[in-house]
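Here's the letter readout for the chains.
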Amino acid sequence: MRKVRDYDAELKALEERARGLKARRVEQLGALVTSTGADALDLETLAGVLLDAVASKDSDAKEAWRAKGAAFFQRRGRKGSRKAGGDSDDGTPQPGADQALGSEPASD
């Protein structure tokens with residue numbers, strides 16, 4: 001005889017996994033904002049920049065942003081044991097920590 005599946009328990013486990021993945025994604029996005037220096041922007045400005053990026057139809061600009069992002073992550077990987085935010089344990093910025101990417105001219 002076949003074993004009866006507990007669909008409710010499986011569904012609950014999947015929902016918990018989905019919540020965990022969503023929480024992890026939110027945490028990663030927050031770390032990204034902090035490590036790029038974008039946390040220095042007010043929320044309205046940051047939201048406006050992101051909305052413009054999402055709505056942009058300019059494929060050349062999107063490719064430039066993608067390349068700049070890839071370069072940022074490659075630099076982060078080579079920095080060794082420094083934390084993702086470039087901060088020391090006491091929360092003060094480390095010398096040479098990456099500056100905000102948005103500080104460069106928009107023509108890139």
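## Considerations on the overall build of the protein chain
Here is step 1: From N to C terminus, the protein chain includes 3 helices and 0 strands.
Here is step 2: The order of helices and strands in the protein chain, counted from the N terminus, is α-α-α.
Here is step 3: Scored against the burial criterion, the 108 residues of the protein chain give a buried share of 12%.
Here is step 4: By sequence separation, contacts in the protein chain at least 24 residues apart represent 40% of the contacts at least 6 residues apart.
Here is step 5: Here the protein chain displays about 9,000 Å² of accessible surface, and carbon together with sulfur accounts for 57% of that area.

## Topic: the confidence of the model for the protein chain
Here is step 1: Summary statistics for the protein chain give a mean pLDDT of 80 and a share of 71% for residues scoring 70 or more.
Here is step 2: Within the protein chain, helix α1 (residues 7–36) carries the highest mean pLDDT (96), whereas helix α3 (residues 59–78) carries the lowest (91).

## With respect to the environment of V33
Here is step 1: Here V33 lies in helix α1.
Here is step 2: Linking V33 and L46, residues 13 residues apart in sequence, is a C-alpha distance of 9.3 Å.
Here is step 3: Look past the residues within four positions of V33 in its chain and what remains in contact with it is A38, D39 and L46.

## Side note on the packing of aromatic side chains
Here is step 1: Enumeration over the complete set of coordinates arrives at 1 aromatic pair.
Here is step 2: Ring centres of F72 and F73 lie 5.4 Å apart, and the angle between their planes is 70 degrees; this geometry places the pair in the edge-to-face category.

## A look at the pattern of salt bridges
Here is step 1: This model, assessed by the stated rule, comprises 2 salt bridges.
Here is step 2: Notably, a salt bridge pairs E10 with R5, separated by 2.7 Å at the nearest N-O pair.
Here is step 3: Taking relative accessible area as the criterion, E10 reaches 34% and is therefore assigned partly exposed.
Here is step 4: For R5, a relative accessible area of 48% puts it in the partly exposed group.
Here is step 5: With a shortest N-O distance of 2.9 Å, E63 and R66 are connected by a salt bridge. Taken together, the residues span about one helical turn, with E63 and R66 both in helix α3 at a distance of 3 residues.
Here is step 6: Overall, R66 belongs to the partly exposed group, its relative accessible area being 47%.

## Description of a nonpolar patch on the surface
Here is step 1: A surface patch of nonpolar side chains, about 270 Å² in accessible area, is lined by L29, L32 and F73.
Here is step 2: The residue L29 is located in helix α1 in this model.

Parameters at a glance
- Residues numbered from 1 in each chain as written.
- Predicted model: local features only at pLDDT ≥ 70, side-chain atom pairs only at ≥ 80, totals over all residues.
- Heavy atoms only, no water.
- Helix = DSSP H or I, 4+ residues; strand = E, 2+ residues; numbered from the N terminus.
- Buried < 20%, exposed > 50% of the residue type's maximum accessible area, 1.4 Å probe, protein only.
- Contact = heavy atoms within 4.5 Å.
- Areas by Shrake-Rupley, 256 points an atom, 1.4 Å probe, with all protein chains shown as cover.
- pLDDT = per-residue confidence, 0-100.
- Phe/Tyr/Trp six-rings, centres within 6.5 Å; stacked < 30°, edge-to-face > 60°.
- Salt bridge = Lys/Arg side-chain N within 4 Å of Asp/Glu carboxyl O.
- Patch = residues over 30% accessible without salt bridge, like charges linked within 9 Å, V, L, I, M, F, W, Y side chains within 5 Å.

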